[in-house]
Amino acid sequence: MENKDKTRSSLITDLTERQRAEEALRESEEKFRQLIEIASNSLWETDEKGVYTYVSPKIRDILGYTPEEVIGKSRFDFMPPDEAARVAKIFGPIDAAQEPFSFLENINLHKDGHEVILETSGIPIFDKNGLFRGYRGINRDITKRKRAEAELQRAKEAAEAANRAKSEFLANMSHEIRTPMNSIIGTIDLLLDTPLNNEQRDFIEIIHYSARALLNVINDILDYSKMEAGKMTLEVIDFALLSVVESTAEIMAVKLRAREKDLSLLTFVDPGIPPLLRGNPGRLRQILLNLTSNAVKFTKRGEVVLRATLAAEDDTHVTVRFEVSDTGIGLSEEDRKKLFQPFVQVDGSTTRKYGGTGLGLSICKRLVELMGGEISVESEAGKGSTFWFTVRFEQSAAAAELPAVPESSEPEAVDAGVLEGLRKLQVEDGPDIVSQLIDIYLSDTPPRLAVLRQAVAEKDTSALFQAAHSLKSSSANIGALRLAAICRDLESMGRAGAIEGAAEKAVRVEAEYARVCMALSAVRQKGEKA
């Protein structure tokens, strides 16, 4: 009797546990069913032939079909013919390899006929024996996302087209404005060579300076517009890098903006750089002038140094690193992030101390990139800045044909060819015309130098122009071409009303005149060539 009671109790316990397990299973299935119904994606299963064996109710919201209408059909039955053929080619290797797949975009037709874009992912199903039985996966409706992407792409293309049209307009307008501006500046140059009183000259020089400033702005806009429109091309020619660097320094000495500044402008060119390279010297000079001009603008005292060093060289190309260092105001980390962006200045306020369009560094960056290089800056606030860039030049075949450089590369103080030309004017048995001209030059020049020194000291640009013009003409006539070139720079400074930097030039005039005196004395007294 006791054994029967134990057996009955055990059966009751087993039934109770089974009921609990079945109840837990039903609850789990119900929970799974509810999760499937509220899921935003449609779940599905197919057999090994790709025919749907299960589809979640969400398919009705996505494609408008009930699960019963989908089961028994393949995924290709709901695609346009062209799309079905495209997707079939993709699924062929996947089915053959029985591999999982992810994020496959495909177009399906809704029950009402409109297109629906699905993103499909799936994994293979294998039975306990390892046999392939089909796929299980999800379909996500990405139609709205793809439409938004398409709209964004169309908007982007429209904006790019508008930007190109703007750039072409600016380029055309800048070109149309630059042509008459060149005529205006040319006419002003001619007018400055005519007799003018001091007041008239002052007015004309103001117009001249303003016209050139406006032309610089126009040129910047034209360059930037060409770059934006993809129309900027660089001519490649043979050139001497040393000449470009020195001419940059000469231009900056004339146009130096360091009024009342104790500022030195120094240059260094690595002697290891080949004497001739192939590139675009005009655009290189433009970059150097922009960086050097900025350095002078933001440096009150100290020095600005322009360096060119050899970075790399092989049989076909030379990479040169250029640096423009200054002892100026420097840049903070936040300010450095603003550089090289178009129309952006570190100080963008309307009351900013330093002018400019904000295009210069952006143009430099584009030009450097066109030349196969890179540009950057190293700086700290209050500790000066070093702007550097690299340019990759071609080796010049003409460099091998250059004559050897003599031991002394110091240029002649007096061009012997000019003196030979003067000797041809010599009348037989007449006075020595060359000696007479030398005597006149050596006699007249010291008073002219005194006037030049006084003009520089008194910052009288009109007197500077007259004195430099007189010295230039007399020096050129006697063959002192280097001295004449320095005087020509001073003449241009006086014409432009730019007295800054004139003191440095005047010192060079004195030094060069001393060399000229020695050379002319040798010609007059000993008959030696200069």
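Definitions and cut-offs
- Residues numbered from 1 in each chain as written.
- Predicted model: local features only at pLDDT ≥ 70, side-chain atom pairs only at ≥ 80, totals over all residues.
- Heavy atoms only, no water.
- Helix = DSSP H or I, 4+ residues; strand = E, 2+ residues; numbered from the N terminus.
- Buried < 20%, exposed > 50% of the residue type's maximum accessible area, 1.4 Å probe, protein only.
- Contact = heavy atoms within 4.5 Å.
- Areas by Shrake-Rupley, 256 points an atom, 1.4 Å probe, with all protein chains shown as cover.
- Expected span 1.5 Å × (residues − 1).
- pLDDT = per-residue confidence, 0-100.
- Core = buried A, V, L, I, M, F, W, Y, C linked by side-chain atoms within 4.5 Å.
- Axes fitted to C-alpha atoms, helices over the stretch in contact; angles between N-to-C directions.
- Left-handed = near helix turned anticlockwise from the far one by under 90°.
- Nonpolar A, V, L, I, M, F, W, Y, C, P; charged D, E, K, R; others polar.
- Pairing = 2+ DSSP bridges.
- Phe/Tyr/Trp six-rings, centres within 6.5 Å; stacked < 30°, edge-to-face > 60°.
- Lys NZ or Arg CZ within 6 Å of the ring centre and 35° of its normal.
- Salt bridge = Lys/Arg side-chain N within 4 Å of Asp/Glu carboxyl O.

Asks: What is the right way to read the overall build of the protein from this model?
Replies: A count of helical and extended segments in the protein gives 15 helices and 12 strands. Buried residues in the protein amount to 37% of all 530 residues. Partitioning the intrachain contacts of the protein with sequence separation of at least 6 by distance along the chain shows that 63% fall at a separation of at least 24. Accessible surface for the protein amounts to roughly 30400 Å². Of this, 54% is attributable to carbon and sulfur atoms.

Asks: What should I look at first to understand helix α14 (residues 481-496) in this one?
Replies: Because an α-helix completes one turn every 3.6 residues, residues spaced three or four positions apart along the sequence face the same direction. Along its 16 residues, α14 runs 22 Å from first to last C-alpha, staying within 8% of the 22 Å computed at 1.5 Å per residue. Where α14 is concerned, the buried positions are Leu 483, Ala 484, Ile 486, Cys 487, Asp 489, Leu 490, Glu 491, Met 493, Gly 494 and Arg 495. Gly 497 sits one or two positions beyond α14 and adopts a positive phi of about 75°.

Asks: Sorry if this is basic, but what is going on with the confidence of the model for the protein here?
Replies: Caution applies to low-pLDDT regions: their predicted coordinates should not be interpreted in detail. Of all residues in the protein, 77% attain a pLDDT of 70 or more, and the chain-wide mean is 79. The low-confidence segment residues 348-352, where pLDDT is below 50, has two contacts with residues more than four positions distant or belonging to other chains. Throughout residues 526-530 the model reports pLDDT below 50, and contacts reaching past four residues in sequence, or to other chains, amount to nine contacts.

Asks: Would you take a moment to explain the nonpolar core for this structure?
Replies: Side chains of nonpolar character tend, in soluble globular proteins, to be buried together. Core analysis: the biggest nonpolar cluster contains 40 residues, and Leu 241, Leu 284, Val 320, Phe 322 and Phe 389 have the highest contact counts within it. When residues in this core are grouped by element, the largest group, six residues, is from helix α8 (residues 281-297). Residues contacting Phe 322, with those up to four places away along its chain left out, are Leu 241, Leu 284, Leu 288, Arg 307, Ala 308, Phe 387, Trp 388, Phe 389, Val 391 and Phe 393. Counting 27 residues, the second-largest nonpolar core is a separate cluster that includes Ala 468, Met 493, Cys 517 and Leu 520.

Asks: What's the story with the packing of α8 against helix α10 (residues 360-370) in this structure? I'm lost.
Replies: In a pair of packed helices, the angle between the axes and the distance between the axes together describe the arrangement. The contact between α8 and α10 brings their axes to 10 Å, and the two run at 145°. As α8 packs across α10, the resulting crossing turns out to be left-handed. Along its contact with α8, which presents Arg 283, Gln 286, Ile 287, Asn 290, Leu 291 and Asn 294, the element α10 presents Gly 360, Leu 361, Ile 363, Cys 364, Leu 367 and Val 368. Looking at the contact of α8 with α10 residue by residue, the classes come out as seven nonpolar, four polar and one charged.

Asks: Mind showing me how you'd approach the pairing of strand β1 (residues 42-46) here?
Replies: Moving residue by residue along a regular strand, the side chains alternate between the two faces of the sheet. Side-chain alternation along β1 places Ser 42, Trp 44 and Thr 46 on a buried face and Leu 43 and Glu 45 on a face that remains uncovered. Inspection of the sheet shows β1 paired to strand β5 (residues 132-141) by five bridges, in the antiparallel sense. Within the sheet, the bridge partner assigned to Ser 42 lies in β5 and is Asn 139. Strand direction decides the pairing type here: β1 and strand β2 (residues 52-55), joined by three bridges, are antiparallel. Its bridge partner lying in β2, Thr 46 is registered against Tyr 52.

Asks: Can you walk me through the packing of aromatic side chains in this structure?
Replies: Any pair of aromatic rings gets described here by the distance separating the centres and the angle formed by the planes. All chains considered together, the criterion is met by 10 aromatic pairs. Consider the rings of Phe 76 and Phe 91, whose centres lie 6.4 Å apart with planes at 80°: the pair is edge-to-face. Here the residue Phe 76 occupies a position in the loop between α3 (67-70) and α4 (81-97), and Phe 91 occupies one in helix α4, the gap between them amounting to 15 residues. It is Arg 75 that lies over the ring of Trp 44; its NZ or CZ is 5.9 Å from the centre. In this arrangement the basic side chain of Arg 75 is found over the ring face of Phe 76, its NZ or CZ atom lying 5.9 Å from the centre.

Asks: I keep staring at the sheet that holds strand β3 (residues 101-109) and nothing clicks. Help me out?
Replies: Strand pairs in the sheet, formed through backbone hydrogen bonds, run parallel or antiparallel to each other. Strand order across the open sheet formed by five strands is β2-β1-β5-β4-β3, with antiparallel pairing between neighbours. If you trace the sheet from one side to the other, it starts and ends with β2 and β3, each paired once. In this sheet, neighbouring strand axes are inclined to one another by 30° on average, regardless of whether the strands run parallel or antiparallel. Two strands pair when backbone bridges link them, and β3 and strand β4 (residues 115-126) are joined in this way by seven bridges, in the antiparallel orientation. When the sheet's bridge partners are listed, Leu 104 is paired in β4 with Thr 120. Contacting β3 and β5, α4 crosses the sheet at an angle of about 155° to β3.

Asks: Any chance you could explain the environment of Ile 204 here in plain terms?
Replies: With respect to the helices and strands, Ile 204 occurs in helix α6 (residues 198-228). When the C-alpha atoms of Ile 204 and Arg 495 are compared, they prove to be 9.5 Å apart, with 291 residues separating the residues in sequence. The contact partners of Ile 204, leaving out residues within four places of it in the chain, are Ile 188, Leu 191, Leu 192 and Leu 196.

Asks: Can you help me understand the pattern of salt bridges in this one?
Replies: Going through the model one piece at a time under the given rule, you end up with 24 salt bridges. In this structure, Arg 495 and Glu 491 form a salt bridge, with 3.8 Å as the shortest nitrogen-oxygen distance. With Arg 495 and Glu 491 both in helix α14 and four residues apart, this pair spans about one turn of that helix. The exposure class assigned to Glu 491 is buried, which follows from its relative accessible area of 4%. Within the structure, one salt-bridge network assembled from shared partners comprises Glu 105, Glu 119, Arg 140, Arg 145, Lys 146 and Glu 149.

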